[in-house]
Amino acid sequence: SDLSTSTLATAAHSIVATYPGDATHSAAQSSALALTVSPLSLIAAPNTASILYGQPIPALSGTLTGVLAQDAGNIAAVFTSSAVALSPVGSYPIAATLTGSAAGNYSVSTTSAASLSIAQAPTQTSLSASTSSPGLGLPVTLTVQASSTTSGVPTGSITLADGGATLSVVPLSAGGAATFTTSSLALGAHNLSASYSGDANFLPSS
């Protein structure tokens, strides 16, 4: 008779055939047959994904092909990358791992170099003055805040300008703020502005 080995798990097996005997024949047993079942290779195809810096890492998805009908529902692919919250701008390859009660009977390889892309996030820059009508020669303090539209804190510098003339280039503090005090504004109206330089993770803004 034939014996199907299609349901044997991945492992080394030692198979023997035993005959229990009957009224006219004695019992007998065959010698052991060594049989090694290797994992079946599956193909995982991750879907690419993209976010802005500071956004939550999304659930990654993809497809898994090559699963035997007998294991349908007992195996799945989990798609992950090395990116975590506030990972820098860049490209993070997506890998697949197998889960489920039948996972040990399979190996997995990916068909494409799919990745999670993290792009620079937009920013907002605000500017305020300690007074809008200082006396000539009196100090005016300008306060600037560069903020993320997602999460995280921008780094870099702020360029303060009076019309087309640069007043100062000021580095941002750890909280994304900068201050500048001047007593040298001339008589008249001044159109003051602040421009954030941007950094590796954040886009410039004004």
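Residues numbered from 1 in each chain as written. Predicted model: local features only at pLDDT ≥ 70, side-chain atom pairs only at ≥ 80, totals over all residues. Heavy atoms only, no water.

## Describing the packing of aromatic side chains
- Taken as a whole and assessed by the stated rule, the structure comprises one aromatic pair.
- Ring centres 5.1 Å apart and planes at 85° place the aromatic pair Tyr 53 and Phe 202 in the edge-to-face group. Residue Tyr 53 is located in the loop between β6 (49–52) and β7 (62–65), and its partner Phe 202 is located in the segment after β18 (192–196); the two are separated by 149 residues in the primary sequence. You'll find Tyr 53 and Phe 202 in the same group, each marked buried. (Phe/Tyr/Trp six-rings, centres within 6.5 Å; stacked < 30°, edge-to-face > 60°. Helix = DSSP H or I, 4+ residues; strand = E, 2+ residues; numbered from the N terminus. Buried < 20%, exposed > 50% of the residue type's maximum accessible area, 1.4 Å probe, protein only.)

## Looking at the sheet that holds strand β17 (residues 177–182)
- Read from one edge to the other, the open sheet built from three strands follows the order β13-β14-β17, with strand pairing classed as antiparallel. Because the sheet does not close on itself, it has two edges, and the strands there are β13 (123–129) and β17. Averaged over neighbouring strand pairs, the angle between their axes works out to 15° when direction is ignored.
- As paired elements, β13 and strand β14 (residues 140–148) share seven bridges and run antiparallel to each other. (Pairing = 2+ DSSP bridges. Axes fitted to C-alpha atoms, helices over the stretch in contact; angles between N-to-C directions.)

## Things to note about the sheet that holds strand β9 (residues 90–93)
- Taken in spatial order, the three strands of this open sheet run β6-β12-β9, and their pairing is mixed. Bordering the open sheet on either side are β6 and β9, each of which pairs with just one other strand. Between one strand and the next, the sheet's axes are offset by a mean angle of 20°, whatever the strand orientation.
- Note: β9 against strand β12 (residues 115–119), four bridges, orientation antiparallel. Considered in β12, the bridge of Tyr 92 is made with Leu 116.

## Digging into unusual backbone geometry
- Although it is not a glycine, Leu 86 adopts a positive phi angle of roughly 65°.
- One can find Leu 86 in the loop between β8 (76–80) and β9.

## Considerations on the nonpolar core
- Grouped together as the largest cluster of nonpolar side chains are 21 residues, with contacts concentrated most on Ile 118, Ile 158, Leu 160, Leu 172 and Tyr 196.
- Every element with two or more residues in this core is listed here: β12, β14, β15 (157–162), β17 and β18.
- It is β14 that provides the largest number of residues to this core, a total of four residues.
- Grouped together as the second largest cluster of nonpolar side chains are six residues, Leu 98, Ala 102, Ala 103 and Tyr 106 included. (Core = buried A, V, L, I, M, F, W, Y, C linked by side-chain atoms within 4.5 Å.)

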